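Next come the chains, spelled out residue by residue.
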Amino acid sequence: MKEAIRLTNKTAIALRRSAQRLRAMHFAAAVILSLALCALGVFLGFLWLPAVPITIAVIALMDCAIVVFSRSRYLSLLGQAICTEAAAREIRAGRSESRRREQAISDLMRAKADVQMKEAAPQSTDDPPRIDGTGGDVQKMKAETNGAAAPHRRRRQSNLQLIRSEQAK
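Reading the values: the criteria
- Residues numbered from 1 in each chain as written.
- Predicted model: local features only at pLDDT ≥ 70, side-chain atom pairs only at ≥ 80, totals over all residues.
- Heavy atoms only, no water.
- Helix = DSSP H or I, 4+ residues; strand = E, 2+ residues; numbered from the N terminus.
- Core = buried A, V, L, I, M, F, W, Y, C linked by side-chain atoms within 4.5 Å.
- Buried < 20%, exposed > 50% of the residue type's maximum accessible area, 1.4 Å probe, protein only.
- Contact = heavy atoms within 4.5 Å.
- Salt bridge = Lys/Arg side-chain N within 4 Å of Asp/Glu carboxyl O.
- Polar contact = N/O pair within 3.5 Å; in protein donor to acceptor, adjacent residues only side chain to side chain.
- Patch = residues over 30% accessible without salt bridge, like charges linked within 9 Å, V, L, I, M, F, W, Y side chains within 5 Å.
- Areas by Shrake-Rupley, 256 points an atom, 1.4 Å probe, with all protein chains shown as cover.

Another point: the environment of Arg71. Position of Arg71 among the secondary structure elements: in helix H2 (residues 51-124). The spatial distance from the C-alpha of Arg71 to the C-alpha of Arg23 is 7.0 Å, given a sequence separation of 48 residues.

And the structure:
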């Protein structure tokens, strides 16, 4: 299950590596401390025999405490890495959303400018267009503007859908 979570953010990757290094250092410290306490147990065993099982019990308890602490720190740093990755993805999604909004606003402004140019153009001709309430027939509008057709615009089609982590399940 190594590398089960895919991280793309540099900070998140660094946090994961830091968590792995911290876990390895804790395990190394546990091994070194256990060996030192074993040597102490042997020495105390020569002086007083019941010191050996007491030392072994202390070693076992200490190793368990180090392993539990190491696992808790590892999972804490790994959780921070995952949260960092999620925050980076959220920021990227917000940036792309703001770009889409800016693009939509600029498209709207251009469309408004085109409409204003169209409204200004018929006033200069002799025969202004009339609107008779038929729902705005495009062919009639083109014929009424003396053949001056509006430039054909291509609409941007967006078929992308943003899926949040709760919706993906």
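Okay, the nonpolar core next. With eight residues, the main nonpolar core is built from Leu7, Ala12, Leu15, Ala19, Tyr74, Leu77, Leu78 and Ala81. Where this core is concerned, the elements lending two or more residues are helix H1 (10-47) and H2. Element by element, the count of residues in this core is highest for H2, at four residues. Those residues in contact with Leu78, other than ones at most four positions away along the chain, are Arg16 and Ala19. Among the nonpolar cores identified, the runner-up in size contains five residues, and Ala30, Leu37, Ile59 and Ile66 belong to it.

Taken as a whole and assessed by the stated rule, the structure comprises five salt bridges. Arg89 is the salt-bridge partner of Glu85, the closest N and O atoms lying 2.9 Å from each other. Residue Glu85 and its partner Arg89 are both found in helix H2; the two are separated by four residues, about one turn of the helix. Exposure remark for Arg89: the relative accessible area of 42% places this residue in the partly exposed category. For the salt bridge of Arg110 with Asp107, the shortest nitrogen-to-oxygen distance reads 3.3 Å. With Arg110 and Asp107 both in helix H2 and three residues apart, this pair spans about one turn of that helix. Residue classification places Asp107 among the partly exposed residues on the basis of a relative accessible area of 24%. Several salt bridges share partner residues, and in doing so they unite Glu85, Arg89 and Arg92 into one network.

What follows is about the side chain of Thr55. Inspection of the secondary structure assignment puts Thr55 in helix H2. Judged by relative accessible area, Thr55 falls into the buried class, the value being 10%. In terms of polar contacts, Thr55 uses its side chain to reach the backbone carbonyl oxygen of Ala51, at 2.5 Å. Setting aside its immediate chain neighbours within four residues, Thr55 contacts Leu37, Gly41 and Leu44.

Attention now moves to a nonpolar patch on the surface. On the surface, a cluster of nonpolar side chains totalling about 640 Å² of accessible area is made up of Leu40, Phe43, Leu47, Trp48, Ile54 and Val58. Those elements that provide at least two residues to the nonpolar patch are H1 and H2. Residue contributions to the nonpolar patch peak at three residues, all from H1. Within the secondary structure, Leu47 is located in helix H1. By relative accessible area, Leu47 is classed as exposed at 64%.

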